[in-house]
Amino acid sequence: MATLIKNATIAADNWQRFDPGADGSLPDIPMLGDILVPLALWQATAGGLLARSAGRLGVWLDGDDDPVQIADSLEAFSLIAVNFPLFTDGRGYSIARLLRERYGWKGELRAIGDIQRDQLFYLSRCGFDAFLLNDGQDAPQGDLLRGAQAALAAFSDFTEAYQTSVERPLPLFRRRPALDVAEQS
Amino acid sequence: MYLYDAVDQKLVDERVAQFRDQTRRFLAGTLSEDNFRPVRLQNGLYIQRFAPMLRVAIPYGLLAARQLRALAYIARKWDRGYGHFSTRQNIQFNWPKLEDVPDILAHLATVQMHAIQTSGNCVRNTTTDHFAGIAPDELVDPLVWCELIRQWSTFHPEFAYLPRKFKIAVSGAENDRAAVQVHDIGLQAVRNASGETGFRVLVGGGLGRTPVIGAAICEFLPWPHLLSYLDAILRVYNRFGRRDNKYKARIKILVKELTPEVFRAQVDAEWVHLKDGPATLTAEEVTRVTGRFTRPQYQALDALSVPYTQALANDRGFANWARRNAHAHQVPGYAAVTLSLKKTGVPPGDATAEQMDAVADLAERYSFGELRVSHEQNLILADVRQSDLHALWQAAKALGLATPNIGLITNIIACPGGDFCSLANAKSIPVAEAIQRRFDDLDYQHDIGELDLNISGCMNSCGHHHVGHIGILGVDKQGAEFYQISIGGAQGNEAALGKVLGPSVSQEEVPDFIEKLIKTYLQRRDSEAERFIDVVRRIGIEPFREQVYGNADQKRDHRSRQLAAV
């Protein structure tokens with residue numbers, strides 16, 4: 001199991017992720033449980049997904065998906081995830097900011113795919129609050145937990161930042177007067 | 001010189017700690033090579049032909065004497081006693097040990113320096129005019145804007161994993177010395193009719209394997225919007241730039257595929273949401289950053305110093321040097337001076353630790369303790385009293401830094417090439433040296449006049465061969481090193497990409513080939529005032545081609561001889 005970090009602590013993951021088939025075919029809609037479905041499935045069968053008798057609904061976007069596609073239906077979801085096919089593929093950072101800053105998503109925003117410790121800081125600044133670490137499924141569970149525990153330190157790699165971000169909407173230069181007062185007092 | 005405040009310093013210190021931990025995990029085997037690579041690149045660390053190469057950032061080329069001494073110390077302690085100043089105003093060390101790099105970065109941090117984002121697919125060090133703040137043709141001092149961009153780009157959380165590297169250049173003068181037309185983003189600072197500062201924004205320029213001149217997508221961007229507009233451009237690029245092929249991943253390909261008009265429309269559509277948001281710059285912030293720059297306390301001097309004019313009249317060697325290596329200044333009685341790192345027999349841009357220490361001394365004695373690195377890979381003392389020039393010249397001469405060749409054929413721009421770089425197809429340094437030896441006679445050089453000769457060891461074009469009046473590109477031909485020669489390129493306002501003359505030539509043939517080009521130029525120029533590039537523009541490349549290759553039959557013979565030799 002990949003380890004889930006949520007709100008900077010290790011958490012249990014009850015969500016079941018569904019992917020399109022290699023040929024692009026869509027998975028069947030499971031009737032039970034908390035399910036995380038690809039955008040295409042949501043677009044094809046929103047009604048069916050909403051009519052399920054039990055379990056929460058989440059949707060995941062890939063790097064080339066446009067978040068505007070779900071901007072009008074955010075209330076349908078309990079979770080939005082963004083997939084990073086490779087950790088070096090940075091499109092998800094922009095998608096996260098758009099979801100948070102432009103479309104107003106307030107719920108859990110989870111980074112999935114190739115998620116590594118050394119990207120957690122920037123990911124969290126762009127609005128992710130949950131991270132499914134790609135920490136190798138073969139390692140013993142104890143090692144994974146220790147690795148994930150150590151990874152939590154990444155959230156405090158830096159104590160300040162110059163730019164605007166989801167985490168701190170005001171850039172440093174707009175926060176400086178308050179900082180300077182705090183430093184002097 | 002921009003002086004860090006407590007936050008600037010803390011961020012750099014925290015970066016050292018972060019990288020120390022990453023290096024520790026890599027060496028312990030808990031961070032894989034694949035996962036370590038991007039983070040080490042974003043700290044300037046490449047794995048090269050012989051050893052790691054560390055590229056240290058010199059933001060917009062500005063250096064304090066104490067910083068140059070720190071670089072000398074690093075060269076001595078962790079390298080082999082020298083460093084290489086690059087065409088992007090940075091310095092590279094070719095022999096550090098991986099496990100020493102955290103200590104090197106920690107040492108840099110003590111003098112407000114770092115290697116942040118000097119490599120990797122992120123926003124790189126912003127470059128500018130090496131005469132920023134002192135050039136007589138300057139409309140807007142670009143330094144404060146460069147520092148604002150440095151802060152905005154440092155650890156920008158959204159743009160650390162772009163499709164490819166991203167370079168921004170800023171110019172504020174009438175004559176562009178920052179190559180804004182061949183950068184991912186080129187910012188030309190201007191003033192509008194009411195005197196307000198703004199930027200003409202060019203995107204999608206670049207060299208590399210697909211050289212392109214940038215397209216203007218905004219004619220006047222008022223300064224408060226600088227950062228939000230950059231965010232908009234970068235966001236469009238981050239989302240839609242190609243990631244399937246690294247050779248098509250630069251923003252220039254996206255701009256070309258969309259067309260500049262469509263790209264502009266996409267940026268504007270994004271910018272609508274960001275404009276006037278929190279990233280909008282304030283006058284207070286610009287004033288604050290401006291105030292953190294130390295500025296020289298100039299003396300009130302006459303426009304022309306009498307001892308200086310006397311020395312010019314009495315000392316021909318000095319006059320030759322001053323003509324090429326001293327430059328006009330905004331302030332009466334002052335000059336900027338180029339210390340040439342292009343002495344024949346020394347790899348272009350290389351400086352020894354001893355030279356660095358000595359230049360730091362000169363900067364303190366003659367130029368308010370500051371200096372600049374130019375994209376032509378020379379060092380510049382920007383604020384020297386004219387009356388000190390003769391003494392400075394003598395000191396520079398003793399250090400081997402007074403080659404009077406700025407703007408001339410031997411002021412060659414060259415990448416480290418196949419001697420060091422694992423990407424190179426061919427060597428650059430021995431070719432540069434062979435050409436410098438061929439044209440060593442100073443009178444001959446001066447007679448040839450202004451000429452930019454640039455050498456790149458491969459298509460990545462670190463030696464800017466596309467924009468050399470003469471450009472030389474190392475190519476691999478069935479495993480042998482050959483050189484493709486182009487003419488007609490230019491940097492600056494008249495930026496143009498050179499045209500390839502014909503089949504590539506072997507290393508031994510290069511000096512003869514260049515000399516034939518020069519002879520053709522000298523025969524064809526209408527006066528000494530007509531430069532090589534002017535003649536190429538006037539008569540085209542055909543007469544040059546005929547002269548160097550002869551007619552079509554000779555060309556074929558040449559080719560078959562070459563292939564036979566391979």
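Up top is the structure.
Peer 1: I'd like a rundown of the overall build of chain B, residues and numbers included.
Peer 2: Of regular secondary structure, chain B possesses 19 helices and 21 strands. For 566 residues, the compact-globule estimate of 2.2 N^0.38 gives 24 Å, and chain B sits close to it at 23 Å. C-alpha atoms of chain B, sized along the principal axes, occupy 65 × 60 × 55 Å. For chain B, buried positions account for 56% of its 566 residues. Sequence-distant contacts in chain B: of pairs separated by 6 or more residues, those separated by 24 or more amount to 67%.

Peer 1: Kindly report on the overall build of chain A, identifying the contributing residues and their values.
Peer 2: When its secondary structure is counted, chain A shows five helices and eight strands. Overall, chain A shows an N-to-C arrangement of helices and strands of β-β-β-β-α-β-β-α-β-α-β-α-α. C-alpha atoms of chain A, sized along the principal axes, occupy 60 × 40 × 30 Å. The buried share of chain A, reckoned over its 185 residues, is 36%.

Peer 1: If you had to explain the interface of chain B and chain A to someone new, which residues and values would you point to?
Peer 2: Taken together, the contact pairs 28 residues of chain B with 28 residues of chain A. Those elements that place two or more of their residues in the side of chain B that touches chain A are α1 (6–28), α2 (33–41), α5 (143–153) and α6 (226–240) of chain B. At six residues, the largest contribution of residues to the side of chain B that touches chain A is made by α1 of chain B. When the residues that make up the side of chain B that touches chain A are grouped by side-chain class, the tally is 12 nonpolar, nine polar and seven charged.

Peer 1: Which residues make up the environment of T127 of chain B, and what values do they have?
Peer 2: Residues and elements named next belong to chain B. Mapped onto the fold, T127 is located in strand β6 (residues 127–128). You can call T127 buried: it has 28 C-beta atoms within 10 Å. For T127 and R250, which are 123 residues apart along the polypeptide, the C-alpha to C-alpha distance reads 18 Å. Ignoring sequence-local partners within four residues, the contact set of T127 consists of Y60, G61, R88, Q89, A169, A178 and H375.

Peer 1: Describe in detail the sheet that holds strand β3 (residues 62–64) of chain B, supporting the description with residues and values.
Peer 2: One open sheet accounts for five strands, arranged β3-β14-β15-β12-β11 (chain B); its pairing is antiparallel. Looking along the sheet, the strands with just one partner apiece sit at the ends: β3 and β11 (326–327) of chain B.

Peer 1: Tell me what's going on with unusual backbone geometry, and back it up with residues and numbers.
Peer 2: A positive phi is found at A8 of chain A, a non-glycine position, where the angle reads about 65°. The residue A8 of chain A is located in the loop between β1 (4–6) and β2 (9–11) in this model. Even without being glycine, Q117 of chain B reaches a positive phi, approximately 55°.

Peer 1: Go over the pairing of strand β12 (residues 334–339) of chain B, please, and point to the residues and values.
Peer 2: Residues and elements named next belong to chain B. In terms of burial, β12 is largely enclosed, as six of its six residues are buried. Side chains of β12 alternate between two faces, with Y334, A336 and T338 and A335, V337 and L339 buried alike. Once β11 ends, the chain turns through six residues before running back antiparallel as β12, passing G333 with a positive phi of about 85°. Of the strand pairs in this sheet, β12 and strand β15 (residues 379–385) are connected by five bridges, and their pairing is antiparallel. Its bridge partner lying in β15, T338 is registered against I380.

Peer 1: Before we move on, could you go through the sheet that holds strand β5 (residues 91–93) of chain B and cite the residues and values that matter?
Peer 2: Backbone hydrogen bonds hold the strands of a sheet together, and the pairing may be parallel or antiparallel. Residues and elements named next belong to chain B. The five strands are arranged β1-β2-β5-β4-β13 in an open sheet whose pairing can be described as antiparallel. The outermost strands of the open sheet, each flanked by one partner alone, are β1 (45–47) and β13 (350–352). Averaged over all pairs of adjacent strands, the angle between strand axes in this sheet comes to 30°, irrespective of strand direction.

Peer 1: Break down the environment of D28 of chain A for me, with residues and values.
Peer 2: Residue and element names in this part refer to chain A. With respect to the helices, strands and loops of the structure, D28 is situated in the loop between β3 (15–17) and β4 (34–38). Judged by C-beta crowding, with 10 C-beta atoms within 10 Å, D28 ranks as exposed. In sequence terms D28 and F18 are 10 residues apart; their C-alpha atoms lie 9.1 Å from each other.

Peer 1: Give a description of the nonpolar core that names residues and reports values.
Peer 2: In terms of nonpolar packing, the biggest core is built from 209 residues, with F131 of chain A together with V203, I233, V337, V359 and L381 of chain B touching the most fellow members. The leading source of residues in this core is α6 of chain B, at nine residues. In contact with L381 of chain B, other than residues within four places in its own chain, are A336, V337, L339, L362, A363, Y366, S367 and L371 of chain B.

Peer 1: Just give me the short version of the environment of T410 of chain B, but keep the residues and values in it.
Peer 2: Residues and elements named next belong to chain B. Relative to the helices and strands, T410 resides in the loop between α13 (389–398) and β16 (413–414). For the pair T410 and N454, spaced 44 residues apart in the sequence, the C-alpha separation amounts to 9.8 Å. Not counting the four nearest positions on each side in its chain, T410 is found in contact with K342, T344, N405, Q436, F439 and Q445.

Peer 1: Outline helix α7 (residues 251–258) of chain B, supporting the account with residue identities and numerical values.
Peer 2: Residues spaced three or four apart along an α-helix face the same direction, because each turn holds 3.6 residues. Residues and elements named next belong to chain B. Taken as a whole, α7 has its buried residues at I251, K252, I253, L254 and V255. Those residues of α7 hidden inside the fold are in contact with β9 (197–203), β10 (215–222), α6 and α8 (260–274). One or two positions beyond α7, positive phi appears at T259, with a value near 80°.

Peer 1: Quick one: what's the story with the packing of α6 of chain B against α8 of chain B, residue by residue and with numbers?
Peer 2: Residues and elements named next belong to chain B. Two elements in contact, α6 and α8, have axes separated by 8 Å at closest approach and are oriented at 130°. What the angle tells us is that α6 and α8 run oblique. For the pair α6 and α8, the sense of crossing is right-handed. Contact residues: S228, Y229, D231, A232, I233, R235 and V236 in α6; Q266, V267, E270, W271 and L274 in α8. Per-class residue counts for the contact of α6 with α8 are seven nonpolar, two polar and three charged.

Peer 1: Lay out the pairing of strand β17 (residues 453–456) of chain B with the relevant residues and their values.
Peer 2: Residue and element names in this part refer to chain B. Here β17 shows two buried faces, one formed by L453 and I455 and the other by N454 and S456. Bridging between β16 and β17 involves two bridges; their strand directions are parallel. The residue bridging I413 from the neighbouring strand is N454, located in β17. Both β17 and strand β18 (residues 470–477) contribute to a ladder of four bridges, which runs parallel. Looking at β18, one finds that I455 is bridged to I472.

What counts as what
- Residues numbered from 1 in each chain as written.
- Chains lettered and ligands numbered in written order.
- Predicted model: local features only at pLDDT ≥ 70, side-chain atom pairs only at ≥ 80, totals over all residues.
- Helix = DSSP H or I, 4+ residues; strand = E, 2+ residues; numbered from the N terminus.
- Rg over C-alpha atoms; globule rule 2.2 N^0.38 Å.
- Buried ≥ 20, exposed ≤ 12 C-beta atoms within 10 Å, placed from the backbone.
- Contact = placed C-beta atoms within 7 Å.
- Nonpolar A, V, L, I, M, F, W, Y, C, P; charged D, E, K, R; others polar.
- Pairing = 2+ DSSP bridges.
- Axes fitted to C-alpha atoms, helices over the stretch in contact; angles between N-to-C directions.
- Core = buried A, V, L, I, M, F, W, Y, C linked by C-beta atoms within 7 Å.
- Parallel < 35°, antiparallel > 145°, perpendicular 65-115°, else oblique.
- Left-handed = near helix turned anticlockwise from the far one by under 90°.

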